[in-house]
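# Architecture at a glance
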Amino acid sequence: MRRAFVDALMQMAERDPRVVFLTGDLGYGVFDAYIARFGPRYVNVGVAEAQLVSAAAGLALEGFRPLAYSIASFMTGRPLEQIRFCVGYPRLPVILVGAGGGYCYSTSGVSHHAPDDVALMSLVPGMTVVVPGDPNEMRGLLPQLLKVDGPSYVRIGKFGEPAYESADPIVLGRARRLRDGEGLAVLSAGEMAPAVLDAADRLAAENVRPLVYQFHTIKPVDAEALDALARQVRTLVVVEEASPLGGLYAAVLAWRNEKGRDVDVIRLGPPDAFALGNLRRETLRQEYRFGPEAVADVCREAARRGGLRQR
Amino acid sequence: MDAALLKQKAREIRATCLQMSYDGQEGHLSSALTAVDVLVALYYGWLRVFPDQPRHPQRDRFILSKGHGCTALYAVLADRGFFPRGLLREYNRERSALPNHPCIHALPLLEFSAGSLGHGLGIAAGMLYGLRLKGSASRAAVVLGDGECNEGSVWEAAMFAAAHRLDRLLAVVDYNGIQAVGRSDDIMGHTSLEEKFRAFGWAAATVDGSDPGALLAAMERAPFEPGRPSAIVARTRMGVSFMEGDVLWHYRKPSREELQRALAELGARPIYEKA
């Protein structure tokens, strides 16, 4: 996904002279081609996340379209004051890029865990929050963020995430149907999509066929897609590698309560806790029960309870 | 404008700040009064501004980073014709263009909002980086408080500005020696701001901040060294004898008697009429 990010960035910078890329001293070697091509439109501010955001805000005030890049935990929590005051409050078109959200850097410790990035960014009024699930969504969504007249946050993963197919185009704010099915729907938040598709593959042999929807945009959430799903199924299973507060689950619950929709919402994701123990990402997903097996189990259970009956 | 006229202007602006604090029933008077001479030197001297076209692309950028001293900024902007003087009556009213911390949504001719400390320098440095990319010769000035220089973000910004050789950046520290609960030199030890800016790669000077003429003369030497941003540590005063050096005036609003006494001492009237 990082390769896709660099590709998209290069194209954007080529087409739009307002694009400036700032990093908080991260991305060794990743941006060499960009630096060679765009020179002063690459700024390494050093290990100084406050200034990373403030400099981006200053550039945006002068009409530029800055992207600020750091590790997700250092991009969001650390300069939160600068994000809310210098970018959010004046509604500046700054794209904040959090590399390695969720538990991407699981074995680097709690310092590098960012299950809270989506929630923190969602708290900033006017912030668009995007979590692409595969390299295609990264390539598709980043240029769309350039057109947003306000701040945005994009969480990006590592290298080598698998791509998936969908008939639905990649449109900011619109969920994509990855699998047709019946009875219940699994809603993947961003990079959980491959795990959810893995679960769907396992279930196919058992004749349990959940709809799979990919929500790459967490804020604003696609209420139209949720409305349509509520007409089709009784159970929504939200799978997120994010805090139970302020992510897709929270958005779906808010939608359900505001609209009075009669659907059950089940969440699979990490608890509101610091993840200790130096566990690998896959192990964490097992421990916290939001990996492919857990998704398959929940769908099976819903099928057994009869939750799969059609509306 | 010569030095005597700058001093007279500073007296009128102080009188205006006092009246606004009284009318608007809001404190932070000391923070405004000590910034007056600096703002007068900037807005009647150093800054290239276009009051009838506040967003003119060739303007110099200005950010009052210590936003709580905003009555001084509002008064200077009104006096320079950026908006009608009568608007000063609206200071700190509900839905006012002039809230007690500057807001770009309320007053869009400002470069930036303020209220949270430690942001102005970093923003201005980003703006200057952008201005250089655009090939613009515009400069930027930022007024910071000495208490504000406790914020780490000020020093991240200072490093950035020096690293990128932003020598069109001028930082003026309103070194009034007072912050919210005491004297700056006591709270965080020896402030040594001139040395700190130097150590961060800036050129710096300490100036008598109660003399707008001296301030302007110092500003006009900027950049003090080519390739380095410039910092002026301005040793400022409130300019009203019975308030001088008293932390209480960070909070207190003047009584009618205190207002009259201060105006009499200044020998100046506010620049706006009461409604």
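Computed from a prediction, not measured in an experiment: that's the story for all the values here.

This next bit is on the overall build of chain A. Counting its secondary structure elements, chain A contains twelve helices and twelve strands. The C-alpha extent of chain A, read off along each of the three principal axes, is 60 × 40 × 30 Å. Residues counted as buried form 55% of the 311 residues belonging to chain A. Sequence-distant contacts in chain A: of pairs separated by 6 or more residues, those separated by 24 or more amount to 76%.

This next bit is on the sheet that holds strand β3 (residues 65–71) of chain A. Residue and element names in this part refer to chain A. Taken in spatial order, the seven strands make up an open sheet running β2-β1-β3-β4-β6-β5-β10, and their pairing is mixed. Strands with a single pairing partner mark the edges of an open sheet, and in this sheet they are β2 (42–44) and β10 (217–219). The average angle at which neighbouring strand axes cross in this sheet is 20 degrees, direction not considered. Strand direction decides the pairing type here: strand β1 (residues 19–23) and β2, joined by three bridges, are parallel. Paired with Phe 21 across the two strands is Tyr 42, which belongs to β2.

All names here are of chain B. Spatially, the five strands line up as an open sheet ordered β1-β2-β3-β7-β6, and their pairing is parallel. Lying at the two open borders of the sheet, with one neighbouring strand each, are β1 (61–64) and β6 (203–208). Recorded for the sheet is a direction-independent mean angle of 20 degrees between the axes of neighbouring strands. Two elements, β1 and strand β2 (residues 140–145), share four bridges in a ladder whose sense is parallel. The residue bridging Phe 62 from the neighbouring strand is Ala 141, located in β2. The sheet contacts of helix α2 (residues 29–46) involve β1, β2, β3 (169–175) and β7 (230–235), and relative to β2 the element is tilted by about 170 degrees.

Quick look at the interface of chain A and chain B now. Opposite the 21 residues of chain A that make contact, chain B presents 22 residues. Contributing elements (two or more residues each) for the side of chain A that touches chain B: α3 (49–61) and α5 (80–88) of chain A. No other element matches α3(A), which puts nine residues into the side of chain A that touches chain B. Its residues assigned to classes, the side of chain A that touches chain B comprises 15 nonpolar, four polar and two charged.

Time to look at the pairing of strand β6 (residues 152–156) of chain A. Residues and elements named next belong to chain A. With five of five residues buried, β6 is to be regarded as a mostly interior element. Neither face of β6 is exposed, since Ser 152, Val 154 and Ile 156 on one face and Tyr 153 and Arg 155 on the opposite face are all buried. When strand β4 (residues 95–99) meets β6, the two strands line up parallel, connected through five bridges. Its bridge partner being in β6, Val 97 is matched across the sheet by Val 154.

Attention shifts here to the domain arrangement of chain A. A common measure of how large an interface is: the accessible area buried when the components associate. Residues and elements named next belong to chain A. What the domain assignment reports for chain A is domain 1 (2–156) and domain 2 (176–304). Centre-to-centre separation of domain 1 and domain 2, based on C-alpha positions: 26 Å. Between domain 1 and domain 2, the residue contacts involve 24 residues of the former and 24 residues of the latter. Elements with a contribution of two residues or more to the side of domain 1 that touches domain 2: α6 (117–122), β5 (128–130) and α7 (135–146).

Residues and elements named next belong to chain A. Of note, Val 94 is situated in the loop between α5 and β4. Sequence-wise, Val 94 and Met 127 are 33 residues apart; in three dimensions their C-alpha atoms are separated by 9.7 Å. Setting aside its immediate chain neighbours within four residues, Val 94 contacts Ala 56, Ala 57, Ala 60, Pro 66, Ala 68, Val 87 and Pro 151.

Turning our attention to the confidence of the model for chain B. Detailed reading of the predicted coordinates is not advisable wherever pLDDT falls low. For chain B, mean pLDDT is 95; residues scoring 70 or higher make up 99% of the total. Confidence estimates for the predicted assembly give a pTM of 0.96 and an ipTM of 0.95.

When two helices pack together, their arrangement is captured by the angle between the axes and the distance separating the axes. Residues and elements named next belong to chain A. Running from amino to carboxyl end, helix α8 (residues 193–204) crosses helix α12 (residues 292–304) at an angle of 50 degrees, the nearest separation of the two axes being 8 Å. What the angle tells us is that α8 and α12 run oblique. The handedness of the crossing between α8 and α12 comes out as right-handed. Where α8 approaches α12, its residues Ala 195, Val 196, Asp 198, Ala 199, Arg 202 and Leu 203 are matched on the opposing element by Pro 292, Val 295, Ala 296 and Cys 299. Taken together, the residues of the contact of α8 with α12 break down into eight nonpolar, no polar and two charged.

About the criteria used
Residues numbered from 1 in each chain as written. Chains lettered and ligands numbered in written order. Predicted model: local features only at pLDDT ≥ 70, side-chain atom pairs only at ≥ 80, totals over all residues. Helix = DSSP H or I, 4+ residues; strand = E, 2+ residues; numbered from the N terminus. Buried ≥ 20, exposed ≤ 12 C-beta atoms within 10 Å, placed from the backbone. Contact = placed C-beta atoms within 7 Å. Pairing = 2+ DSSP bridges. Axes fitted to C-alpha atoms, helices over the stretch in contact; angles between N-to-C directions. Nonpolar A, V, L, I, M, F, W, Y, C, P; charged D, E, K, R; others polar. Domains from an automatic or database assignment. pLDDT = per-residue confidence, 0-100. Parallel < 35°, antiparallel > 145°, perpendicular 65-115°, else oblique. Left-handed = near helix turned anticlockwise from the far one by under 90°.

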